[in-house]
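# Understanding the architecture of this molecule
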Amino acid sequence: MICRRLMCSLAIGAVAAVFMPAAAALADYPDRPITLIVPWGAGGGTDSTARIIGSLLQKELGQPVNVVNRTGGSGVVGHSAIAEADPDGYTLGIATVEIGMMHWQGLTELTYADYTPLTLMNEDPGAVQVSADAPWKDLPALIDDIKANPGKYKASGTGQGGIWHLAIAGLLSKLDVDPSSVPWVPSNGAAPGLQDLVAGGVSIVPCSIPEARSLLSAGRVKSLAVMSEERNAAFPDIPTTKEAIGVSWTLGAWRGIVAPKGLPDAESEMLIAALKKVYDSEEYKSFMSKQGFGVRWASGAEFGNFMKASDETLGEVMKQVGLAK
Amino acid sequence: MSAIEAAFGLILHWNVLVTIIAAAIFGLFVGAIPGLTATMAIALLVPVTFFMDPVPAVGAMVTCSAMAIFAGDIPGTLLRIPGTPASAAYADEAFRMTQKGEAERALGANLLFSAIGGLFGTIVLMFSAPWLAEIALKFSSFEYFWMALLGLTCAAFIGASAPVKGLVSLLIGLFVATIGLNNPAGVPRFSFGNTNLMGGIDFISAMIGLFAVSEVLRTVAGGARPAPMVQASIGNLFKGWGRLFKTYWRQQLRGNILGTAIGVLPGAGADIAAWVAYAISRRFSKTPEKFGKGHLEGIVESTSANNSALAGAWVPALVFGIPGDSITAVVIGVLYVKGLNPGPTLFLNDPQMIYAVFLVFILANLIMIPFGWGAIKLAKQILRVPSKVLMPVILAFCIVGAFATNNTVFNVSVMLVFGVLGFIMEENDVPIAPCILGIVLGPMLEQNFVTSMIKADGSFLGFFERPIAASLGVVTLLIWGSSFLSYLIARKRGAHGSDSRAISHDATNP
Amino acid sequence: MRFNDAVLGAVLLAFSITVGLWARIFPAIPGQEYGAAVFPTVVAVALGICALLLIMSGLRQGGGVLLFEGWAREPGGYLRIACTIALVIFYILAAKPLGFIPTMTIILLFTLRMLKTGWLPAIAIALVTAVVLQWSFGNLLQVPLPWGILSAWRF
């Protein structure tokens, strides 16, 4: 009898012991590994940014942060995976500028509104790269030549309707030049586009400075203007579009950490606080500056507004170019 | 001279050597599991290298990638599950050697020629990187189009025993490559509005399905009866190497040169190199009839080519910061973080650093030999496991591997569909290897064709206007023309007698 | 299970016609002649030609529509293939709710038994393989294999 009761209480104790951590889980988030989804492949700029953020966040939260690549479909697959995950704080993602582009093209229903915005971590403005031996000494000379010979000069650096395609198209329409006078040659990213620029296949690559920096340093390409309010710290000789041609045109690729929609405030605040420490850390700053990446901070609702504004600007350009559906 | 001494000083530290050895073991482990790629191994190393000095950081990455690519040959040879598309070209051939009981001989040769290939590529990298990078920068979409077409032409040669069926396989692969959003126009094709299909078919999951799952299905169908696969142990792997080297030095050299040349071009890489090398080896062999039945010659040339291509990919990466493949793309990022900014100045400003990197390359290819030897001896034990136990476990690995390629069960579905497809194809003598090449090269072919047409304003002449493009184009057309001509001649000659299959077989193996 | 070449050719011909027709609806790149339709069309045409060649050679060869050799002569073969396919489908459906370890253990146990491995070794191999895979892939290689019903016991 005693024996049986002992067995019984032992069994209850064992069951309780096993389930205790599960019950306690609600109290102290996070108590298990966090997954950080990257919508782009291993090896790209977004991937390496996510990995440094992941490893620093891991130190802040005391739980492993596993970086997981979900690639394909120009970012549609990965962005969907982030939005579709449970909003429990254990699945986060790094959203990129493409979230404000693909829904205009009719590729997905997803928009920035399907996420809980956490923090903006980086922004890289576009710049107008041409071959080092190109005849144009500045941006006005290039624009005049484009006006005189529409369709002659081709540009490349992303896929059809990608961010750099919109960067050049938006600049041209801002200057009242027909965007289609510079036909777009789709490529798998900035590196093949730049390679083609040097090989003489295309004339213009409107990608960001960090993507072009090694060829800029090697003196194989030159940059005529950068599409931001301020000059790039690493290349202070390159003028802004406003300085070069008198028209303010800014467009850049950004990256930020988001969670699925409906993340509770407690988790959200905790993650923003941890990400703030990551952003302010010496490791993050030096990693980004050595890569040549720009840093830009916004958190919570502010980041949400940033995504909204970005979405509207991109939608406008895409309608002008005829890419929006 | 002092720079070289300083470089040796940087390398010969216990922490550098320990890091390299740990990375070697990690690379072997990851590379030997189908579905886990060298790129993934490197990406996992990135956060670790943040906290290292530059030399061990780069050393770890170089060693890890070299090991992972070699290790991809191990499951390819033992189980016919190629670890990477670069080993897919000769996985079937190597597996046939295993069936003949020559697994150790095949793997030993793989190891030797992989290491030599890597060393050859490194030497080229050391002495002519800046000069080669200049040539690589002359390649535009016109040249890449011809390269891709040349690669596909080679696949047609590989499936030469029944050219039509080889072509069918290739075309199925090309069709699969069109699925999804990753095309120059950026519109979804054949995706039924499904988000996962929009992402396209992942070729690694497809490869696991075509090669491994089809094999599992075939074995299971036969009830997994014990097949006689007694392995001849050659004991000391190093013993036969002198003779191998003597017999196959021509193939080895040809493979090395071809591999380095193709590897230097950003985006072409080890995959094409291996296929082209295999085709060339068959074309110029004195005994082409032995190919496809477990013959070492083609394996030697192909494996020499893919490992030297790996080193070749570093040429544009180090000189211009243009990644040759996804592995170098990751490493370029790490180089920047470590203050070793790629570019011509890297060779001038930091000579001891760049020499140290070269020394790591050499070291990585040298330690590949003892470590690879250990891995082969260990992995060979797999063949002792009866297939009634082995096949279920392989199926488990396939599922996990396919899942790991993009961390979704969708890729397990892809694997299953291709497993069934591969099974049906092989039952009907349709070779599966060309299908993989089609999936890998399809996007490259289409991308470069469409972008070339945009650049040339819709004129086909653009493909012959640039000197390198014109020569590549003429070579491709000549190969097509001569194959077609010899087919016609053989057909005319054989019209009186034997059946058409034998004729077409002769036609492509003159 | 060998089909006559003519049968294969007919299936491929139907497939290539479908692909070719489907490609008609793909839009061109704005302002360009060559767009999304070019490449699938070329593939469809080439596949169609190969299919016709196969049909011709199949008709010339003659013989049965379907040839059974080796495993295909005994009904057990088909059953085992069907079971293996069903088990992979089971993984696709059950892995997330049930978790990797239970799902994989069931699949392994079933296939091992199907190939006539003894009960005891089968159970041991299935369990050990599933747990080792979860541990090595989940922890060392950061592959997010689902824990499912075992979430409270994750390691």
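In this text, all values refer to a predicted model and were calculated from it rather than measured experimentally.

### Section: the overall build of chain B
On a plain count of helices and strands, chain B comes out with 24 helices and 0 strands. Computed over the C-alpha atoms, the radius of gyration of chain B is 23 Å, within 12% of the 24 Å expected from 2.2 N^0.38 for a compact globule of 510 residues. Its C-alpha atoms put chain B at 75 × 60 × 55 Å along the principal axes. Across the 510 residues in chain B, those meeting the buried criterion constitute 66%. For chain B, the proportion of contacts with a sequence separation of at least 24, taken over those separated by at least 6, is 77%. By element, 69% of the accessible surface of chain B is carried by carbon and sulfur atoms, the whole surface being about 17,500 Å². Here chain B contributes 30 positively and 25 negatively charged side chains, and the mean placements of these two sets differ by 10 Å.

### Some remarks on the interface of chain C and chain B
Each side of the interface is counted separately: chain C has 58 residues, and chain B has 65 residues. Among the ionic pairs, K165(B) bridges to D5(C), the shortest N-O distance being 3.0 Å. Among the elements of the structure, β1 (2–3), α1 (5–23), α2 (38–61), α3 (75–98), α4 (100–114) and α5 (119–140) of chain C are those that each provide at least two residues to the side of chain C that touches chain B. Considering each element in turn, the side of chain C that touches chain B owes the most residues, 11 residues, to α2(C). Among the residues forming the side of chain C that touches chain B, the class breakdown is 42 nonpolar, 9 polar and 7 charged.

### Quick word on unusual backbone geometry
Phi is positive for D176(A), which is not a glycine, with a value near 60°. Note that D176(A) resides in the loop between α5 (163–174) and β7 (184–185). Owing to a relative accessible area of 72%, D176(A) belongs among the exposed residues under this scheme. Of note, the phi angle at D429(B) is positive, near 60°, even though the residue is not glycine. Considering the arrangement of structural elements, one finds D429(B) in the loop between α20 (410–427) and α21 (433–455). Among the residues examined, D429(B) registers a relative accessible area of 42% and is labelled partly exposed.

### Re the pairing of strand β2 (residues 65–69) of chain A
All names here are of chain A. Burial within β2 is extensive, with 5 of its 5 residues counted as buried. Taking every second residue as pointing to the same face, both faces of β2 are buried, with V65, V67 and N69 on one and N66 and V68 on the other. In this sheet, β2 lies alongside strand β1 (residues 34–38) in parallel orientation, the contact comprising 5 bridges. Residue pairing across strands places L36 opposite V67, the latter belonging to β2.

### Some remarks on the domain arrangement of chain B
Its domain assignment divides chain B into domain 1 (2–465) and domain 2 (466–510). Each of domain 1 of chain B and domain 2 of chain B has a C-alpha centre, and these two points are 29 Å apart.

### Focus: the environment of R213(A)
With respect to the helices and strands, R213(A) occurs in helix α7 (residues 209–217). When its relative accessible area of 11% is taken as the criterion, R213(A) is described as buried. Once you skip the residues sitting within four places of it in the chain, R213(A) turns out to touch F235(A), K290(A), Q291(A), G292(A), Y336(B) and N341(B).

### A closer look at the pairing of β1(A)
Residue and element names in this part refer to chain A. For β1, the tally of buried residues reaches 5 of 5 residues, placing the bulk of the element in the interior. With burial as the criterion, each face of β1 is covered, one bearing I34, L36 and V38 and the other bearing T35 and I37. Here β1 pairs with strand β3 (residues 91–96) via 3 bridges, running parallel. Opposite T35, over in β3, you have T91 as the bridge partner.

### Brief notes about the sheet that holds β3(A)
All names here are of chain A. The strand order across the open sheet formed by 6 strands is β2-β1-β3-β10-β4-β11, and the pairing between neighbours is mixed. The strands lining the two open edges of the sheet, one partner per strand, are β2 and β11 (298–299). Two elements, strand β4 (residues 115–125) and strand β10 (residues 252–260), share 9 bridges in a ladder whose sense is antiparallel. From the neighbouring strand, D124 faces β10, where its bridge partner is A253. Along the sheet face, helix α2 (residues 45–61) touches β1, β2, β3, β4 and β10 and points at about 160° away from the line of β2. Together, β1, β3, β4 and β10 form the strand contacts of helix α3 (residues 76–84), whose direction differs from that of β3 by roughly 140°.

### Here we look at the packing of aromatic side chains
Summed over the entire model, instances satisfying the criterion amount to 24 aromatic pairs over all chains. Here F192(B) and W22(C) contribute two aromatic rings whose centre-to-centre distance is 5.2 Å and whose plane-to-plane angle is 70°, an arrangement assigned as edge-to-face. Of this pair, F192(B) sits in the loop between α9 (163–178) and α10 (195–198) while W22(C) sits in helix α1, which puts the two residues in different chains. By relative accessible area, F192(B) is classed as exposed at 66%. Judged by its relative accessible area of 28%, W22(C) falls in the partly exposed class. Ring-pair connections join several aromatic residues into one group, and the members of that group are F142(B), F145(B), W146(B), F449(B), F460(B), F463(B) and F464(B). When the ring centre of F293(A) is taken as origin, the NZ or CZ atom of R255(A), which lies over that ring, is 5.1 Å away.

### Digging into the side chain of H79(A)
All names here are of chain A. Looking at the secondary structure, you find H79 in helix α3. Since its relative accessible area comes to 0%, H79 is described here as buried. At a separation of 3.2 Å, a polar atom in the side chain of H79 contacts the main-chain amide nitrogen of T96. Excluding residues that lie within four positions of it along the chain, H79 makes contacts with P39, I94, A95, T96, I99, M102, L110 and Y115.

### A word on a nonpolar patch on the surface
A surface patch of nonpolar side chains, amounting to about 770 Å² of accessible area, comprises F29(B), W119(C), I123(C), L127(C), V131(C), W135(C), L140(C) and F155(C). Among the elements that take part in the nonpolar patch, α5(C) stands out by supplying 6 residues, more than any other. With respect to the element layout, V131(C) can be found in helix α5.

### Considerations on the domain arrangement of chain A
All names here are of chain A. Partitioning chain A into domains gives domain 1 (34–124 + 252–321) and domain 2 (127–245). Ranking the residues of domain 1 by area buried against domain 2 places M101, V317 and V321 at the top, with a combined share of 32%. If you look at where domain 1 meets domain 2, you find 0 salt bridges. Here domain 1 and domain 2 share 2 residue pairs in polar contact (both at pLDDT 80 or more) between them. Listing elements by their share of the side of domain 1 that touches domain 2, those giving two or more residues are β10, α10 (282–291) and α11 (300–321). The element contributing the most residues to the side of domain 1 that touches domain 2 is α11, with 5 residues. Within the side of domain 1 that touches domain 2, the residues separate by chemical class into 8 nonpolar, 5 polar and 3 charged.

### Remarks on the pattern of salt bridges
Taken as a whole and judged by the stated rule, the model has 24 salt bridges over all chains. The residue R231(A) makes a salt bridge to E243(A) at a minimum N-O spacing of 2.9 Å. You can see R231(A) sitting in the loop between β9 (221–226) and α8 (241–245) and its partner E243(A) sitting in helix α8, a full 12 residues away along the chain. In this structure, E215(B) and R80(B) form a salt bridge, with 3.3 Å as the shortest nitrogen-oxygen distance.

### Here we look at the packing of α10(A) against helix α16 (residues 326–337) of chain B
Each packed pair of helices is defined by two parameters, the angle between the axes and the distance between the axes. Axis separation between α10(A) and α16(B) bottoms out at 8 Å; the angle between their running directions is 115°. Of the possible angle classes, the one that applies to α10(A) and α16(B) is roughly perpendicular. As α10(A) runs across α16(B), the sense of the crossing is right-handed. On α16(B), the residues touching F287(A), K290(A) and Q291(A) of α10(A) are G333(B), Y336(B) and V337(B).

Calculation criteria
- Think of each chain on its own: its residues are numbered from 1, step by step along the sequence as written.
- Note on labels: chains are lettered from A, ligands numbered from 1, in written order.
- Per-residue local features of the predicted model are confined to residues with pLDDT of at least 70, and side-chain atom pairs are confined, for both listing and counting, to 80 or more; whole-chain, interface and lining totals are unaffected and use all residues.
- The basis for the side-chain values is all heavy atoms of the structure; hydrogens and waters are excluded.
- Strands here mean DSSP runs of E at least two residues long; helices mean DSSP runs of H or I at least four residues long; both are numbered from the N terminus.
- Radius of gyration means the value over C-alpha atoms here, while the globule rule gives 2.2 Å times the residue count to the 0.38 power.
- Only protein chains enter the calculation, and the probe is 1.4 Å; a residue is then buried if its accessible area is under 20% of its type maximum, exposed if over 50%, and partly exposed in between.
- Two residues qualify as a contact provided that any one of their heavy atoms is within 4.5 Å of a heavy atom in the partner residue.
- Under the convention used here, a 1.4 Å probe and the Shrake-Rupley method define accessible areas, while residue burial counts only the protein chains that appear.
- This count recognises Lys and Arg as positive and Asp and Glu as negative, with His and chain-terminal groups excluded.
- Charge positions are represented by NZ for Lys, CZ for Arg, CG for Asp and CD for Glu.
- For this analysis, a salt bridge means a side-chain nitrogen from Lys or Arg found within 4 Å of a carboxyl oxygen belonging to Asp or Glu.
- Asp, Glu, Lys and Arg are counted as charged, while Ala, Val, Leu, Ile, Met, Phe, Trp, Tyr, Cys and Pro are counted as nonpolar; the rest, among them Gly, fall into the polar class.
- Between any two strands, at least two bridges found by DSSP are needed for them to pair.
- Where each domain starts and ends comes from a domain assignment, either automatic or drawn from a database.
- Angular values range over 0 to 180 degrees, each being the angle between N-to-C directions of two axes fitted as lines to C-alpha atoms, with helices fitted over their stretch in contact.
- A pair of aromatic rings is counted whenever rings of Phe, Tyr or Trp (Trp by its six-membered ring) have centres within 6.5 Å, and the orientation is called stacked for planes under 30 degrees apart, edge-to-face for over 60 and tilted otherwise.
- Consider the ring centre and the ring normal. A charge sits over the ring if Lys NZ or Arg CZ is within 6 Å of that centre and within 35 degrees of that normal.
- Definition of a polar contact: a pair of N or O atoms within 3.5 Å, with one able to donate and the other able to accept a hydrogen when the atoms are protein atoms, and with sequence-neighbouring residues admitted only if both atoms are side-chain atoms.
- The patches reported here contain residues having more than 30% relative accessible area and no salt bridge. Joining distances are 9 Å for like charges and 5 Å for nonpolar side chains (Val, Leu, Ile, Met, Phe, Trp, Tyr).
- Two parts placed together each lose some accessible area; with a 1.4 Å probe, that loss summed over both constitutes the buried area.
- An angle below 35 degrees is treated as roughly parallel, one above 145 as roughly antiparallel, one from 65 to 115 as roughly perpendicular, and anything else as oblique.
- Here a crossing is called left-handed whenever its near helix is offset anticlockwise from the far helix by less than a right angle, and right-handed whenever the offset is clockwise.

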